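Examining the three-dimensional arrangement
Residue strings, one per chain:
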Amino acid sequence: MTPSEVRHLSVPSHVIGEMTEMPKPLRRLPELADPSQIRALRSAARKSLGMSDRAAGAMSTMWVRPEAILPQVEQPRRMRIPGGDLLYIEGLAWVPRLMADPFNPRNAAEYLYPLSGANASSTEQDIASSVRSERAELKMTAPSRDALLNALHNGMTKTRRNNVLYPPIGDQGIMDAPFGVMTVFSFEDGSPDIAVPEVREGTSRVSHAQAELRLEPEDTVLRMPSGARAMTDFINEINNIVEKPVNDLTENDKARVRCATANFILIVGFEADHPASIDLAEALKTKVAQEHLNTKRDWSETAQNAVMADDCLEAAFGAGLLSSSDEYAWLRGLTTAEAAAAADVSRDADDRAARLLWLFTTDEPAVHSAIRRPIAFVLRKDNARKQVQVRKTTKVPYAVELVAREFRGRPGYPDSTVDRMIKVLENGAKISGTSPWVVNSRSLKLLQAAALAELQSSGKPGKSCTELAVRALYYAAVHDVLRVPRNDQGEHSDRRSVADVLDAMVRTPRGIEQLAFIVRDGRRGQRPVLRDEAGEPVAGADGQPVPLKNEKLRYDLFPKGQRGNEPPGQDPFLAAQIRLKEAVDALSTAVDDVSEVQDDDGNPLVEEQGLPANAKAWRKQLNKIAEQLSEWYDIGVEFRASNAEAPASPMAATGSGEAAAA
């Protein structure tokens, strides 16, 4: 007898080679519950849970044994998540009655957005975004029943493709209980509302199980809930399989029996620690994210970033930090560039990237708090660590993922190109922290002039310089002008980050001019070109302008270790003091960074492990510098006492520079 033949026997276990399998036994299904039990459960759900009659009616018929659910409805169980307790009931459910999640976050990396110009529709995203929380259920709106069924079909197809289960669902049925929530769908075309138990965690399991059961979205959403006849026919069909001789059963026959029922957790409410802080929909998102981003980690990095990016933008919109719903849709990628321009939320392609990088990197308290909130819920794995640090580096990948939506699926931008752009944007995003800045709508000519004025007056980049560099970063990534550092040329390799190269550029007048040229060329839809000192394009051997490339910028125009030219007319002594102050500030920041690194219990690692042996040499060097600074300070005191005018001060220069820039 072959191993495959052994699998066909209905015995407690199968041995194939060195692997022992214990498939789920085949059992008859019970008949539908007595109508009186269903009515009692429906009434209790309305009274005890505050569930609407439509949702309660659908909920009361989904259980194999409603009499076992009734006591739980009157006293729901609790499931702790950050921010409060989810209320739930649990029992054996009919799998044909479950609706898989059409908007499974696992598939977030595959969504195409109208902004990219690809053949994409925002319908699915619009349905997902329409969610509203009630006490014991969610409400959503779809254009029509067909639109909902189409979204469900597409979502389940992607889910089955992206997550092949092992062991196969047909061997064991659904083992880990999925959880979900009653959801009432209304339709813009006037079709009657429908209520279904929508799966929020476990869509892969349900999608595979319903494929084995040969069920289509129309069956689970419309036909099965419509009345007792459809479910009675299903039960009879499964029981007829069980009554067949074992040798007549196919693998699919067995799979259908095993997948007919499953334990299911239905969320029926949420009690927040602080009233009105989190609603049911947010609580469910938090629970799903906790399941996948902290423990299983089986979503792709792109999918994780896509989900968190959407949640962060939703939080910013909810906090009133975005100008309009048009801007919200534009930032999410749900509108085309033309539609965004018509709505007066965008003029140039770099506007969106600049706005996103500002939102996700600014220190402005209200913005940081809103963006931080959904991230912190996911990062907080338990209550032992009370402080969750959400840094700029934590948030940047989410901003970059939103920027990348402009190019996913667009002709001429294969995945490899988009991945390269993402790396450059993430590697260069630190430039946004050069100076506090905001996104302005002024012309490029005015922005360049303001940047030069800042550099002239203070000797260091200010808010206009930073904005210019951020806008140039976008086109540098899109047109392959800059790349992440490489280490294949030994000591001659330029290991500076993209942000460091941009920082070197923004500290010289020539660099500011080059950044402006990158933005100007990019806005014209062309790859930035190499220019001479007069600003004219440099022609190649073929007579065409020479493209500006990473190697030229890194190794020729702005090489590492090169001190930028001081702005014309600036006191070199003042410039040297400014550099000294920046170095001291950087040292202070580095010390803070070391002290903030913590172990799993929230204790600073440096207080437990200390510093390496070479820290002694650091201390000696710092002591020497401190003595030198002390001596110079005393000289300064004597000089100021005997002179009417104080020597040049970097703090005074900084203040005057900010005043001039303002």
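Residues numbered from 1 in each chain as written. Predicted model: local features only at pLDDT ≥ 70, side-chain atom pairs only at ≥ 80, totals over all residues. Heavy atoms only, no water.

1. Some thoughts on the overall build of the chain
Scanning the chain from N- to C-terminus turns up 28 helices and 9 strands. Residues classed as buried in the chain amount to 46% of the 662 residues present. The contacts in the chain between residues at least 6 apart in sequence include a share of 70% that link residues at least 24 apart. A total accessible area of about 32400 Å² is found for the chain, and carbon and sulfur atoms account for 51% of it. (Helix = DSSP H or I, 4+ residues; strand = E, 2+ residues; numbered from the N terminus. Buried < 20%, exposed > 50% of the residue type's maximum accessible area, 1.4 Å probe, protein only. Contact = heavy atoms within 4.5 Å. Areas by Shrake-Rupley, 256 points an atom, 1.4 Å probe, with all protein chains shown as cover.)

2. Concerning the confidence of the model for the chain
One rule of thumb: low pLDDT means the predicted coordinates there are not for detailed reading. Looking at the chain, the pLDDT average stands at 86 and 88% of residues meet or exceed 70. Confidence drops under pLDDT 50 across residues 1-21; counting only partners more than four residues distant or on other chains, this segment forms 33 contacts. The low-confidence segment residues 380-387 (pLDDT under 50) makes 12 contacts with residues lying over four places distant or belonging to another chain. (pLDDT = per-residue confidence, 0-100.)

3. Details of the pairing of strand 7 (residues 179-187)
Strand 7 sits mainly inside the fold: 8 of its 9 residues count as buried. Where strand 6 (residues 138-142) lies against strand 7, 5 bridges are found, and the strand directions are parallel. Of the residues in strand 7, the one forming a bridge with M140 is F185. Inspection of the sheet shows strand 7 paired to strand 9 (residues 261-272) by 3 bridges, in the parallel sense. Counterpart to G180 in the pairing with strand 9 is L266. One ladder, built from 7 bridges, connects strand 7 with strand 8 (residues 194-201); its direction is antiparallel. (Pairing = 2+ DSSP bridges.)

4. Some thoughts on the packing of aromatic side chains
We describe a pair of aromatic rings using the distance from one ring centre to the other and the angle between the two ring planes. What the rule picks out here adds up to 4 aromatic pairs. Between F317 and Y328 the ring centres are 4.5 Å apart and the planes differ by 5°, which places this aromatic pair in the stacked class. Residue F317 is located in helix 13 (residues 301-318), and its partner Y328 is located in helix 14 (residues 325-332); the two are separated by 11 residues in the primary sequence. Note on F317: relative accessible area 32%, which makes it partly exposed. (Phe/Tyr/Trp six-rings, centres within 6.5 Å; stacked < 30°, edge-to-face > 60°.)

5. Examining the pattern of salt bridges
All told, the structure shown has 38 salt bridges when counted by the stated rule. In this structure, K244 engages D253 in a salt bridge whose closest nitrogen and oxygen atoms are separated by 3.9 Å. Residue K244 is classed as partly exposed on the basis of its relative accessible area of 37%. Measuring nitrogen to oxygen at the nearest pair gives 2.9 Å for the salt bridge that ties R507 to D503. Among the residues examined, R507 registers a relative accessible area of 29% and is labelled partly exposed. The class of D503 is partly exposed, set by a relative accessible area of 22%. Through salt bridges with shared partners, a single ionic network connects R347, D348, D350, D351, R442, E467, R471 and R523. (Salt bridge = Lys/Arg side-chain N within 4 Å of Asp/Glu carboxyl O.)

6. Considerations on helix 25 (residues 572-596)
Counted at 1.5 Å a residue, the expected span for helix 25 with its 25 residues is 36 Å, and the 36 Å between its end C-alpha atoms agrees. L574, A575, Q577 and I578 are the residues of helix 25 that are buried. (Expected span 1.5 Å × (residues − 1).)

7. A look at the environment of A118
Following the sequence through the fold, A118 ends up in the loop between strand 4 (84-94) and helix 5 (123-129). Separated by 218 residues in sequence, A118 and T336 place their C-alpha atoms 9.9 Å apart. Not counting the four nearest positions on each side in its chain, A118 is found in contact with L112, G409 and R410.

8. Re helix 4 (residues 66-74)
The complete set of buried residues in helix 4 reads P66, I69, Q72 and V73. Buried residues of helix 4 fall within an arc of 110° about the axis and therefore sit on the same side. Turned more than 90 degrees away from the buried face of helix 4 sit P71 and E74, all of them exposed. Turning to helix 4, the residues buried within the fold contact helix 2 (35-49), helix 3 (53-60), strand 3 (77-81) and strand 4. (Arc of directions from axis to C-beta.)

9. Let's talk about the nonpolar core
Residues M51, M59 and W63 are the most contacted members of the largest nonpolar core, which totals 89 residues. Counting 72 residues, the second-largest nonpolar core is a separate cluster that includes L322, I422, L455 and V481. (Core = buried A, V, L, I, M, F, W, Y, C linked by side-chain atoms within 4.5 Å.)

10. Brief notes about the packing of helix 13 against helix 18 (residues 392-404)
At a minimum axis distance of 8 Å, the contact between helix 13 and helix 18 shows a crossing angle of 95°. Taken together, the axes of helix 13 and helix 18 are roughly perpendicular relative to one another. Residues T302, N305, A306, M308, A309, D310, C312 and L313 of helix 13 form the contact with helix 18, whose own contacting residues are P397, Y398, E401 and L402. Counted by class, the contact of helix 13 with helix 18 contains 8 nonpolar, 2 polar and 2 charged residues. (Axes fitted to C-alpha atoms, helices over the stretch in contact; angles between N-to-C directions. Parallel < 35°, antiparallel > 145°, perpendicular 65-115°, else oblique. Nonpolar A, V, L, I, M, F, W, Y, C, P; charged D, E, K, R; others polar.)

11. Comments concerning the side chain of T361
Along the chain, T361 turns up in helix 16 (residues 349-361). A residue is classified by how much of its surface remains accessible, and T361, at 3% relative accessible area, is buried. Only 3.3 Å separates the side chain of T361 from the side chain of S432, close enough to count as a polar contact. Apart from the residues lying within four places of it in its own chain, the contact partners of T361 are K392, V396 and S432. (Polar contact = N/O pair within 3.5 Å; in protein donor to acceptor, adjacent residues only side chain to side chain.)

12. Remarks on the environment of S207
Mapping S207 onto the fold places it in helix 8 (residues 203-212). Between the C-alpha atom of S207 and that of H153, which follows or precedes it by 54 residues, the distance is 9.7 Å. S207 has contacts with A100, M156, T159 and R160, leaving out every residue within four places of it along the chain.

13. Thoughts on the pairing of strand 3
Where strand 3 and strand 4 come together, 5 bridges link them in antiparallel fashion. Paired with R77 across the bridge in strand 4 is Y88.

14. Looking at a positive patch on the surface
A contiguous patch of positive charge on the surface is contributed by K616, R619, K620 and K624. Mapping K616 onto the fold places it in helix 27 (residues 615-642). (Patch = residues over 30% accessible without salt bridge, like charges linked within 9 Å, V, L, I, M, F, W, Y side chains within 5 Å. Lys, Arg positive; Asp, Glu negative; His and termini not counted. Charge placed at Lys NZ, Arg CZ, Asp CG, Glu CD.)

15. As for a nonpolar patch on the surface
On the surface, a cluster of nonpolar side chains totalling about 780 Å² of accessible area is made up of L580, V584, L587, V591, L622, I625, L629, W632 and I635. Positionally, I625 belongs in helix 27. Look at I625 and you get partly exposed, because its relative accessible area is 41%.

16. Looking at a negative patch on the surface
The grouping of D126, D146, E188, D189, E216 and E218 at the surface amounts to a negative patch. Note on placement: E218 falls in helix 9 (residues 217-223).

17. Quick word on the packing of helix 10 (residues 228-242) against helix 11 (residues 251-258)
Between helix 10 and helix 11, the least distance of the axes is 10 Å, while the angle of their chain directions is 130°. In this view, helix 10 runs oblique relative to helix 11, as classed from their interaxial angle. Both helix 10 and helix 11 take part in a crossing whose hand is left-handed. Across the interface between the two elements, E237, I238, I241 and V242 of helix 10 pack against D253, R256 and V257 of helix 11. Partitioned by chemical class, the residues of the contact of helix 10 with helix 11 number 4 nonpolar, no polar and 3 charged. (Left-handed = near helix turned anticlockwise from the far one by under 90°.)

18. Let's talk about the side chain of E137
Tracing the sequence through the fold places E137 in the loop between strand 5 (132-133) and strand 6. In this structure E137 is buried but unpaired, with K139 as the nearest side chain of opposite charge at 5.3 Å. If sequence neighbours within four positions are ignored, E137 has contacts with M51, S52, A55, R132, V181, M182, V184 and L280.

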